[in-house]
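# Descriptive structure summary
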Amino acid sequence: MPDASRKRLLRTTFIYWMLLLYIVVALVWWFISLNHQNTRMQAFEISNLRSTIDSAATPALYQKFENEIQKEHRKNKSKYLGEGGIFLLLILVGAAFVYRSVRRQFKLQQQQQNFMMAVTHELKTPISVARLNLETMQKYSLDPEKQKKLIRTTLDETARLNFLTNNILIASQLEGGGYKLAREELNLSGLLADCLNDFRNRFPDRIFRDDIEPDADVKGDALLLQMMINNLLENAVKYSPKENPILAILKVYRSGIELQITDEGPGIPNEEKKKVFSKFYRVGNEATRKTQGTGLGLYLCRKIARDHNADISVTDNIPRGSTFTVIFHV
(Lines give C-alpha, C1' and ligand atoms only; values in the text may rest on other atoms or scores of the structure.)
Protein backbone atom coordinates (compact mmCIF):
# COMPACT_ATOMS: atom_id res chain seq x y z
CA MET A 1 0.00 0.00 0.00
CA PRO A 2 1.45 3.42 -0.93
CA ASP A 3 2.47 5.77 1.88
CA ALA A 4 -0.28 8.30 1.06
CA SER A 5 -3.01 5.63 1.21
CA ARG A 6 -1.54 4.13 4.38
CA LYS A 7 -1.44 7.56 6.09
CA ARG A 8 -5.02 8.28 5.03
CA LEU A 9 -6.16 4.92 6.37
CA LEU A 10 -4.31 5.45 9.67
CA ARG A 11 -5.75 8.96 10.04
CA THR A 12 -9.28 7.74 9.32
CA THR A 13 -8.87 4.83 11.74
CA PHE A 14 -7.56 7.12 14.49
CA ILE A 15 -10.47 9.58 14.10
CA TYR A 16 -12.93 6.69 14.03
CA TRP A 17 -11.63 5.16 17.27
CA MET A 18 -11.53 8.56 18.98
CA LEU A 19 -15.19 9.20 18.08
CA LEU A 20 -16.16 5.73 19.24
CA LEU A 21 -14.29 6.21 22.51
CA TYR A 22 -16.03 9.58 23.04
CA ILE A 23 -19.47 8.00 22.46
CA VAL A 24 -18.76 5.13 24.87
CA VAL A 25 -17.39 7.50 27.53
CA ALA A 26 -20.43 9.78 27.09
CA LEU A 27 -22.73 6.77 27.50
CA VAL A 28 -20.95 5.67 30.69
CA TRP A 29 -21.09 9.23 32.02
CA TRP A 30 -24.81 9.35 31.23
CA PHE A 31 -25.35 6.17 33.26
CA ILE A 32 -23.27 7.41 36.20
CA SER A 33 -25.04 10.76 36.19
CA LEU A 34 -28.54 9.22 36.12
CA ASN A 35 -27.63 6.67 38.77
CA HIS A 36 -26.22 9.43 41.00
CA GLN A 37 -29.39 11.45 40.47
CA ASN A 38 -31.46 8.37 41.33
CA THR A 39 -29.50 7.88 44.56
CA ARG A 40 -29.94 11.53 45.53
CA MET A 41 -33.68 11.27 44.82
CA GLN A 42 -33.87 8.22 47.07
CA ALA A 43 -32.06 10.00 49.89
CA PHE A 44 -34.34 13.04 49.49
CA GLU A 45 -37.51 10.92 49.58
CA ILE A 46 -36.32 9.01 52.68
CA SER A 47 -35.45 12.28 54.38
CA ASN A 48 -38.85 13.66 53.48
CA LEU A 49 -40.48 10.46 54.77
CA ARG A 50 -38.72 10.77 58.12
CA SER A 51 -39.94 14.33 58.57
CA THR A 52 -43.49 13.32 57.66
CA ILE A 53 -43.97 9.98 59.45
CA ASP A 54 -42.68 9.08 62.90
CA SER A 55 -40.92 5.72 62.47
CA ALA A 56 -41.15 5.03 66.21
CA ALA A 57 -44.91 5.69 66.40
CA THR A 58 -45.97 3.91 63.21
CA PRO A 59 -43.14 1.58 62.26
CA ALA A 60 -45.26 -0.54 59.90
CA LEU A 61 -46.45 2.45 57.85
CA TYR A 62 -42.94 3.93 57.77
CA GLN A 63 -41.45 0.61 56.62
CA LYS A 64 -44.06 0.31 53.88
CA PHE A 65 -43.22 3.70 52.36
CA GLU A 66 -39.50 3.12 52.75
CA ASN A 67 -39.79 -0.21 50.93
CA GLU A 68 -41.63 1.52 48.10
CA ILE A 69 -38.87 4.12 47.86
CA GLN A 70 -36.21 1.39 47.81
CA LYS A 71 -38.16 -0.55 45.18
CA GLU A 72 -38.46 2.54 42.97
CA HIS A 73 -34.73 3.16 43.37
CA ARG A 74 -33.83 -0.37 42.26
CA LYS A 75 -36.32 -0.18 39.39
CA ASN A 76 -34.78 3.04 38.08
CA LYS A 77 -31.26 1.65 38.45
CA SER A 78 -32.19 -1.51 36.50
CA LYS A 79 -33.85 0.63 33.81
CA TYR A 80 -30.77 2.82 33.39
CA LEU A 81 -28.50 -0.22 33.35
CA GLY A 82 -30.69 -2.07 30.82
CA GLU A 83 -31.09 0.91 28.50
CA GLY A 84 -27.40 1.75 28.76
CA GLY A 85 -26.42 -1.86 28.05
CA ILE A 86 -28.67 -2.02 24.98
CA PHE A 87 -27.34 1.31 23.68
CA LEU A 88 -23.76 0.15 24.27
CA LEU A 89 -24.41 -3.13 22.44
CA LEU A 90 -26.00 -1.32 19.49
CA ILE A 91 -23.12 1.14 19.36
CA LEU A 92 -20.50 -1.63 19.38
CA VAL A 93 -22.32 -3.71 16.76
CA GLY A 94 -22.80 -0.66 14.53
CA ALA A 95 -19.20 0.41 15.07
CA ALA A 96 -17.93 -3.05 14.10
CA PHE A 97 -20.10 -3.04 10.97
CA VAL A 98 -18.95 0.44 9.94
CA TYR A 99 -15.31 -0.41 10.67
CA ARG A 100 -15.43 -3.54 8.52
CA SER A 101 -17.22 -1.71 5.71
CA VAL A 102 -14.70 1.14 5.69
CA ARG A 103 -11.74 -1.26 5.78
CA ARG A 104 -13.29 -3.28 2.96
CA GLN A 105 -13.83 -0.12 0.94
CA PHE A 106 -10.24 1.00 1.44
CA LYS A 107 -9.01 -2.46 0.47
CA LEU A 108 -11.18 -2.52 -2.66
CA GLN A 109 -10.01 0.97 -3.61
CA GLN A 110 -6.39 -0.12 -3.21
CA GLN A 111 -6.99 -3.25 -5.28
CA GLN A 112 -8.57 -1.15 -8.02
CA GLN A 113 -5.56 1.19 -8.01
CA ASN A 114 -3.21 -1.78 -8.24
CA PHE A 115 -5.35 -3.18 -11.06
CA MET A 116 -5.16 0.08 -13.02
CA MET A 117 -1.37 0.22 -12.60
CA ALA A 118 -1.04 -3.43 -13.62
CA VAL A 119 -3.30 -2.98 -16.67
CA THR A 120 -1.35 0.11 -17.76
CA HIS A 121 1.91 -1.83 -17.54
CA GLU A 122 0.45 -4.92 -19.21
CA LEU A 123 -0.91 -2.85 -22.10
CA LYS A 124 2.24 -0.77 -22.64
CA THR A 125 4.66 -3.70 -22.70
CA PRO A 126 3.30 -5.63 -25.73
CA ILE A 127 2.60 -2.41 -27.61
CA SER A 128 6.16 -1.17 -27.03
CA VAL A 129 7.70 -4.52 -28.00
CA ALA A 130 5.58 -4.82 -31.15
CA ARG A 131 6.38 -1.25 -32.18
CA LEU A 132 10.10 -1.72 -31.59
CA ASN A 133 10.15 -4.91 -33.65
CA LEU A 134 8.29 -3.28 -36.55
CA GLU A 135 10.55 -0.22 -36.48
CA THR A 136 13.61 -2.49 -36.49
CA MET A 137 12.37 -4.36 -39.57
CA GLN A 138 11.55 -1.05 -41.24
CA LYS A 139 14.96 0.53 -40.64
CA TYR A 140 17.27 -2.43 -41.23
CA SER A 141 17.60 -5.09 -43.87
CA LEU A 142 17.54 -8.20 -41.75
CA ASP A 143 18.11 -11.74 -42.88
CA PRO A 144 14.99 -13.94 -43.16
CA GLU A 145 15.74 -15.84 -39.94
CA LYS A 146 15.90 -12.67 -37.82
CA GLN A 147 12.78 -11.33 -39.51
CA LYS A 148 10.89 -14.53 -38.66
CA LYS A 149 12.04 -14.23 -35.05
CA LEU A 150 10.88 -10.61 -34.77
CA ILE A 151 7.56 -11.44 -36.44
CA ARG A 152 6.99 -14.36 -34.07
CA THR A 153 7.79 -12.16 -31.07
CA THR A 154 5.40 -9.49 -32.36
CA LEU A 155 2.63 -12.05 -32.86
CA ASP A 156 3.21 -13.38 -29.33
CA GLU A 157 2.91 -9.88 -27.88
CA THR A 158 -0.26 -9.12 -29.87
CA ALA A 159 -1.71 -12.45 -28.68
CA ARG A 160 -0.88 -11.44 -25.11
CA LEU A 161 -2.52 -8.06 -25.69
CA ASN A 162 -5.61 -9.74 -27.14
CA PHE A 163 -5.74 -12.13 -24.17
CA LEU A 164 -5.62 -9.24 -21.68
CA THR A 165 -8.26 -7.11 -23.43
CA ASN A 166 -10.57 -10.12 -23.74
CA ASN A 167 -10.28 -10.75 -20.01
CA ILE A 168 -11.18 -7.15 -19.19
CA LEU A 169 -14.06 -6.96 -21.67
CA ILE A 170 -15.58 -10.33 -20.75
CA ALA A 171 -15.28 -9.60 -17.01
CA SER A 172 -17.11 -6.30 -17.53
CA GLN A 173 -19.83 -7.90 -19.64
CA LEU A 174 -20.38 -10.81 -17.26
CA GLU A 175 -20.73 -8.47 -14.28
CA GLY A 176 -22.99 -6.05 -16.11
CA GLY A 177 -25.19 -8.77 -17.57
CA GLY A 178 -24.29 -7.74 -21.11
CA TYR A 179 -22.95 -11.13 -22.14
CA LYS A 180 -25.44 -13.74 -23.38
CA LEU A 181 -24.22 -17.18 -22.37
CA ALA A 182 -24.49 -19.77 -25.15
CA ARG A 183 -25.70 -23.28 -24.35
CA GLU A 184 -24.44 -25.62 -27.04
CA GLU A 185 -22.99 -29.12 -27.14
CA LEU A 186 -19.20 -28.89 -26.95
CA ASN A 187 -16.36 -31.38 -27.02
CA LEU A 188 -14.22 -30.26 -24.08
CA SER A 189 -11.52 -32.76 -25.07
CA GLY A 190 -10.97 -31.06 -28.43
CA LEU A 191 -11.19 -27.60 -26.87
CA LEU A 192 -8.49 -28.44 -24.31
CA ALA A 193 -6.28 -30.00 -27.01
CA ASP A 194 -6.59 -26.87 -29.18
CA CYS A 195 -5.68 -24.62 -26.25
CA LEU A 196 -2.63 -26.76 -25.45
CA ASN A 197 -1.47 -26.68 -29.08
CA ASP A 198 -1.81 -22.90 -29.07
CA PHE A 199 0.31 -22.64 -25.93
CA ARG A 200 2.91 -25.01 -27.36
CA ASN A 201 3.23 -22.68 -30.36
CA ARG A 202 3.38 -19.58 -28.17
CA PHE A 203 5.86 -21.05 -25.71
CA PRO A 204 8.07 -23.49 -27.67
CA ASP A 205 10.59 -23.62 -24.82
CA ARG A 206 7.99 -24.85 -22.29
CA ILE A 207 6.99 -28.46 -21.63
CA PHE A 208 3.24 -29.20 -21.83
CA ARG A 209 2.04 -32.70 -21.03
CA ASP A 210 -1.52 -33.92 -21.28
CA ASP A 211 -3.76 -36.86 -20.44
CA ILE A 212 -7.03 -36.16 -22.23
CA GLU A 213 -9.86 -38.66 -22.38
CA PRO A 214 -11.98 -38.36 -25.55
CA ASP A 215 -15.66 -37.50 -25.82
CA ALA A 216 -15.86 -35.17 -22.80
CA ASP A 217 -19.06 -33.45 -23.90
CA VAL A 218 -20.48 -30.47 -22.02
CA LYS A 219 -23.14 -27.85 -22.65
CA GLY A 220 -21.78 -24.34 -22.55
CA ASP A 221 -20.17 -21.35 -24.20
CA ALA A 222 -17.09 -22.22 -26.27
CA LEU A 223 -15.54 -18.75 -25.93
CA LEU A 224 -15.89 -18.68 -22.14
CA LEU A 225 -14.64 -22.23 -21.64
CA GLN A 226 -11.66 -21.52 -23.89
CA MET A 227 -10.96 -18.39 -21.87
CA MET A 228 -11.13 -20.36 -18.61
CA ILE A 229 -8.66 -22.98 -19.89
CA ASN A 230 -6.34 -20.31 -21.28
CA ASN A 231 -6.35 -18.43 -17.97
CA LEU A 232 -5.46 -21.59 -16.05
CA LEU A 233 -2.65 -22.41 -18.50
CA GLU A 234 -1.43 -18.81 -18.50
CA ASN A 235 -1.36 -18.86 -14.72
CA ALA A 236 0.70 -22.08 -14.73
CA VAL A 237 3.15 -20.64 -17.27
CA LYS A 238 3.48 -17.44 -15.29
CA TYR A 239 4.31 -18.99 -11.93
CA SER A 240 6.25 -22.16 -12.78
CA PRO A 241 9.93 -22.41 -13.84
CA LYS A 242 10.61 -22.80 -17.55
CA GLU A 243 12.28 -26.19 -17.17
CA ASN A 244 9.36 -27.70 -15.22
CA PRO A 245 6.44 -29.31 -17.11
CA ILE A 246 2.82 -28.21 -17.02
CA LEU A 247 0.29 -31.02 -16.93
CA ALA A 248 -3.29 -30.92 -18.24
CA ILE A 249 -5.62 -33.80 -17.34
CA LEU A 250 -9.20 -34.35 -18.47
CA LYS A 251 -11.16 -37.28 -17.05
CA VAL A 252 -14.73 -38.38 -17.70
CA TYR A 253 -16.74 -39.94 -14.86
CA ARG A 254 -20.37 -40.96 -14.44
CA SER A 255 -20.96 -38.02 -12.12
CA GLY A 256 -19.24 -35.44 -14.30
CA ILE A 257 -16.06 -34.27 -16.01
CA GLU A 258 -12.87 -33.30 -14.19
CA LEU A 259 -10.29 -30.88 -15.62
CA GLN A 260 -6.93 -30.42 -13.89
CA ILE A 261 -4.10 -28.00 -14.66
CA THR A 262 -0.98 -28.73 -12.60
CA ASP A 263 2.20 -26.71 -12.32
CA GLU A 264 5.42 -27.03 -10.31
CA GLY A 265 5.68 -23.43 -9.17
CA PRO A 266 6.03 -22.04 -5.64
CA GLY A 267 2.48 -23.04 -4.69
CA ILE A 268 -0.19 -21.07 -2.86
CA PRO A 269 -0.35 -20.75 0.97
CA ASN A 270 -3.38 -22.41 2.56
CA GLU A 271 -4.74 -19.13 3.92
CA GLU A 272 -4.81 -17.66 0.39
CA LYS A 273 -6.28 -20.59 -1.54
CA LYS A 274 -9.84 -19.20 -1.38
CA LYS A 275 -8.76 -15.59 -1.82
CA VAL A 276 -7.08 -16.16 -5.20
CA PHE A 277 -10.50 -16.42 -6.88
CA SER A 278 -11.52 -12.95 -5.65
CA LYS A 279 -11.59 -10.04 -8.05
CA PHE A 280 -8.28 -8.10 -8.30
CA TYR A 281 -6.66 -10.36 -5.68
CA ARG A 282 -3.09 -11.47 -6.25
CA VAL A 283 -0.92 -13.61 -4.00
CA GLY A 284 1.91 -11.87 -2.18
CA ASN A 285 2.90 -8.30 -1.45
CA GLU A 286 2.14 -5.72 -4.13
CA ALA A 287 5.41 -3.89 -3.44
CA THR A 288 7.65 -6.96 -3.85
CA ARG A 289 5.70 -9.04 -6.38
CA LYS A 290 7.65 -9.69 -9.59
CA THR A 291 5.13 -11.59 -11.71
CA GLN A 292 2.85 -9.72 -14.07
CA GLY A 293 -0.93 -9.90 -13.91
CA THR A 294 -4.15 -8.02 -13.24
CA GLY A 295 -5.92 -10.25 -10.70
CA LEU A 296 -8.77 -11.00 -13.13
CA GLY A 297 -7.78 -14.41 -14.51
CA LEU A 298 -8.77 -16.72 -11.64
CA TYR A 299 -11.77 -14.52 -10.81
CA LEU A 300 -13.00 -15.10 -14.37
CA CYS A 301 -12.30 -18.84 -14.07
CA ARG A 302 -14.52 -19.10 -11.00
CA LYS A 303 -17.31 -17.06 -12.60
CA ILE A 304 -17.19 -19.07 -15.83
CA ALA A 305 -17.13 -22.35 -13.89
CA ARG A 306 -20.20 -21.36 -11.88
CA ASP A 307 -22.04 -20.35 -15.05
CA HIS A 308 -21.39 -23.87 -16.39
CA ASN A 309 -22.56 -25.73 -13.26
CA ALA A 310 -18.98 -26.46 -12.23
CA ASP A 311 -16.82 -26.03 -9.14
CA ILE A 312 -13.23 -24.80 -9.19
CA SER A 313 -10.65 -25.28 -6.45
CA VAL A 314 -6.90 -25.26 -5.89
CA THR A 315 -4.84 -27.82 -3.99
CA ASP A 316 -1.15 -28.46 -3.40
CA ASN A 317 0.78 -30.44 -5.98
CA ILE A 318 3.18 -32.75 -4.16
CA PRO A 319 6.11 -32.13 -3.80
CA ARG A 320 5.66 -28.56 -5.06
CA GLY A 321 3.32 -26.42 -7.08
CA SER A 322 -0.46 -26.12 -7.42
CA THR A 323 -3.27 -28.06 -9.03
CA PHE A 324 -6.38 -26.23 -10.22
CA THR A 325 -9.37 -28.55 -10.56
CA VAL A 326 -12.64 -27.82 -12.37
CA ILE A 327 -15.43 -30.37 -11.90
CA PHE A 328 -18.39 -30.16 -14.30
CA HIS A 329 -21.52 -31.72 -12.84
CA VAL A 330 -23.87 -33.58 -15.13
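Our structure is the block above this text.
Parameters at a glance
- Residues numbered from 1 in each chain as written.
- Predicted model: local features only at pLDDT ≥ 70, side-chain atom pairs only at ≥ 80, totals over all residues.
- Heavy atoms only, no water.
- Helix = DSSP H or I, 4+ residues; strand = E, 2+ residues; numbered from the N terminus.
- Buried < 20%, exposed > 50% of the residue type's maximum accessible area, 1.4 Å probe, protein only.
- Contact = heavy atoms within 4.5 Å.
- Areas by Shrake-Rupley, 256 points an atom, 1.4 Å probe, with all protein chains shown as cover.
- Patch = residues over 30% accessible without salt bridge, like charges linked within 9 Å, V, L, I, M, F, W, Y side chains within 5 Å.
- Salt bridge = Lys/Arg side-chain N within 4 Å of Asp/Glu carboxyl O.
- Polar contact = N/O pair within 3.5 Å; in protein donor to acceptor, adjacent residues only side chain to side chain.

## A look at the overall build of the protein
From N to C terminus, the protein includes six helices and seven strands. By residue count, 36% of the 330 residues in the protein fall in the buried class. Taking the intrachain contacts of the protein between residues at least 6 apart in sequence as the baseline, contacts between residues at least 24 apart amount to 72%. Per element, the accessible surface of the protein, about 20,600 Å² overall, is 58% carbon and sulfur.

## Describing the side chain of N231
Tracing the chain through its elements places N231 in helix α5 (residues 222-239). Not counting residues within four places of it along the chain, the set of residues in contact with N231 comprises F163, N167, G297, L300 and C301.

## Examining a nonpolar patch on the surface
Together, F14, I15, W17, M18, L19, L21 and V25 make up an exposed nonpolar region whose accessible area comes to about 700 Å². With respect to the element layout, I15 can be found in helix α1 (residues 3-52).

## Regarding the pattern of salt bridges
Taken as a whole and assessed by the stated rule, the structure comprises six salt bridges. The partner of R202 in a salt bridge is E234, and the shortest N-O contact between them spans 3.5 Å. Placement of the pair is R202 in helix α4 (residues 188-202) and E234 in helix α5, with a sequence separation of 32 residues. This pair shows no difference in class: R202 is buried, exactly as E234 is. Two residues, K273 and D316, come together in a salt bridge whose shortest N-O distance is 2.9 Å. In this pair, K273 is assigned in the loop between β5 (256-262) and α6 (297-307) and D316 in strand β6 (residues 310-316), connecting sequence segments 43 residues apart. On the basis of relative accessibility, which here comes to 13%, the residue K273 falls in the buried class.

## A look at the side chain of N133
Among the structural elements, N133 can be located in helix α2 (residues 59-139). For N133, a relative accessible area of 8% gives the class buried. A polar atom in the side chain of N133 sits 3.2 Å from the side chain of T154. Residues contacting N133, with those up to four places away along its chain left out, are L150, T153 and T154.

## Structural notes on unusual backbone geometry
The linkage connecting I318 with the following residue, P319, adopts the cis geometry, with an omega of 10°. Counting through the fold element by element, P319 comes out in the loop between β6 and β7 (322-329). One non-glycine residue with positive phi stands out, namely D215, at about 60°. Of note, D215 is situated in the loop between β2 (208-212) and β3 (217-220). Judged by relative accessible area, D215 falls into the exposed class, the value being 58%. Located in the positive-phi region is N309, a residue other than glycine, with phi close to 55°. When you line up the elements, N309 lands in the loop between α6 and β6. Overall, the relative accessible area of 49% leaves N309 in the partly exposed class.

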